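Below are the chains, spelled out letter by letter.
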Amino acid sequence: DALKTNSSLTSLKLAGNELGGDDARTLADVLKINASLKSLELSRNRVGDDGACEVAAALKSNTSITMLDVGANRMGNGGACALADALTTNASLTSLSVSCQHVGTEGARRLADALTINTSLKVLDCGYNNTGDDGGRALADVLTTNTSLTSLDIGANHVGAECTRALADALKT
């Protein structure tokens, strides 16, 4: 409850705890009303898809969060798709980490689709997600139209020649 009224805290690091979906729901309720928090690090917890969906729903109305790290939280396509949906309306988030998850090809495609609309995100860490060539290519292809993204991590995603060609083409423009 303190975070609902606190107006001085700008960064909250909760990485490496045992936070689950219910804890993420509690934090999401805070994000809906707290206007001072800029950075939230929830990596290495057990938030899962349900918790990620709650945080994503809060991002649709939150205008203060600029950095969100939900890496290594047992999240799959559901959480990634919810975060992608939030990116289509959120204009404050500049850095998002969804690394070390199970985002897969579909989650990567949805994130790429969101980046055709979103113009505020500058950093996307999607490493270690088993996106495969198709997911990697979707993220590479968006680089031809998205001019705000300055850093993209798609390392350790089992990408190959198709993704590499798409990246090369995007970097030519």
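Preceding block: the structure.
Predicted, not measured: the structure shown is a model, and the values here were computed from it.

1. Quick notes on the environment of Arg25
With respect to the secondary-structure elements, Arg25 resides in helix H2 (residues 21–31). Since its relative accessible area comes to 33%, Arg25 is described here as partly exposed. In the structure, Arg25 is positioned 126 residues away from Ser151 in sequence and 29 Å away in space, judged by C-alpha atoms. A polar contact is formed between the side chain of Arg25 and the side chain of Glu54, at a distance of 3.4 Å.

2. Here's the deal with the packing of helix H5 (residues 104–115) against helix H6 (residues 132–141)
Running from N to C, H5 and H6 point in directions that differ by 10°, and their axes come no closer than 8 Å. In terms of axis orientation, H5 runs roughly parallel to H6. In this structure, H5 contributes Thr105, Ala108, Arg109, Leu111 and Ala112 to the contact, and H6 contributes Asp134, Gly135, Ala138 and Leu139.

3. A word on the sheet that holds strand S1 (residues 11–13)
Strand pairs in the sheet, formed through backbone hydrogen bonds, run parallel or antiparallel to each other. Spatial strand order, S1-S2-S3-S4-S5-S6: six strands in an open sheet with parallel pairing. Only two strands of the sheet have a single partner each, and these edge strands are S1 and strand S6 (151–153). Averaged over all neighbouring strand pairs, the angle between strand axes comes to 5°, with direction disregarded. As paired strands, S1 and strand S2 (residues 39–41) are joined by three bridges and run parallel to one another. Of the residues in S2, the one forming a bridge with Lys13 is Glu41.

4. Some thoughts on the pattern of salt bridges
The tally for this structure, following the rule as stated, stands at eight salt bridges. Here Arg137 ties to Asp141 by a salt bridge, and the two come within 3.3 Å at their closest N and O atoms. One end of the pair, Arg137, and the other, Asp141, are both in helix H6, four residues apart, so they sit about a helical turn from each other. Judged by relative accessible area, which is 35%, Arg137 ranks as partly exposed. Taking relative accessible area as the criterion, Asp141 reaches 32% and is therefore assigned partly exposed.

5. A closer look at the environment of Asn62
Positionally, Asn62 belongs in the loop between helix H3 (48–59) and strand S3 (67–69). One polar contact links the side chain of Asn62 to the main-chain carbonyl oxygen of Leu31, over a distance of 2.8 Å. In terms of polar contacts, Asn62 uses its side chain to reach the backbone amide nitrogen of Ile65, at 2.8 Å.

6. Digging into the state of the cysteines
By definition, a disulfide links the sulfur atoms of two cysteine residues through a covalent bond. Applying the stated criterion to the full structure yields zero disulfides. Free cysteine Cys53: the closest other cysteine sulfur is in Cys81, separated by 8.6 Å.

7. Some points on unusual backbone geometry
Of note, the phi angle at Ala72 is positive, near 55°, even though the residue is not glycine. Relative to the helices and strands, Ala72 resides in the loop between S3 and helix H4 (77–87). Residue Ala156 is not a glycine yet carries a positive backbone phi of 55°. Since its relative accessible area comes to 43%, Ala156 is described here as partly exposed.

8. Some thoughts on H3
Taking 1.5 Å of rise per residue, the 12 residues of H3 would be expected to cover 16 Å, and the 17 Å separating its terminal C-alpha atoms lies within 8% of that figure. All of the buried residues in H3 are Gly48, Gly51, Ala52, Val55, Ala56, Ala58 and Leu59. Viewed along the axis of H3, the buried residues span an arc of 160°, placing them on a single side of the element. On its buried face, H3 sits against H2, S3 and H4.

9. Considering the packing of H3 against H4
The angle between the axes and the distance between the axes are what describe a pair of packed helices. Packing of H3 against H4 leaves a shortest axis separation of 8 Å and a crossing angle of 5°. Between H3 and H4, the angle falls in the class roughly parallel. Residues Asp49, Ala52, Cys53, Ala56 and Leu59 of H3 form the contact with H4, whose own contacting residues are Asn77, Gly78, Gly79, Ala82, Leu83 and Ala86. In terms of residue class, the contact of H3 with H4 is built from seven nonpolar, three polar and one charged.

Rules behind the numbers
Residues numbered from 1 in each chain as written. Predicted model: local features only at pLDDT ≥ 70, side-chain atom pairs only at ≥ 80, totals over all residues. Heavy atoms only, no water. Helix = DSSP H or I, 4+ residues; strand = E, 2+ residues; numbered from the N terminus. Buried < 20%, exposed > 50% of the residue type's maximum accessible area, 1.4 Å probe, protein only. Polar contact = N/O pair within 3.5 Å; in protein donor to acceptor, adjacent residues only side chain to side chain. Axes fitted to C-alpha atoms, helices over the stretch in contact; angles between N-to-C directions. Parallel < 35°, antiparallel > 145°, perpendicular 65-115°, else oblique. Contact = heavy atoms within 4.5 Å. Pairing = 2+ DSSP bridges. Salt bridge = Lys/Arg side-chain N within 4 Å of Asp/Glu carboxyl O. Disulfide = S-S within 2.5 Å. Expected span 1.5 Å × (residues − 1). Arc of directions from axis to C-beta. Nonpolar A, V, L, I, M, F, W, Y, C, P; charged D, E, K, R; others polar.

Shape descriptors only; they carry no functional weight alone.
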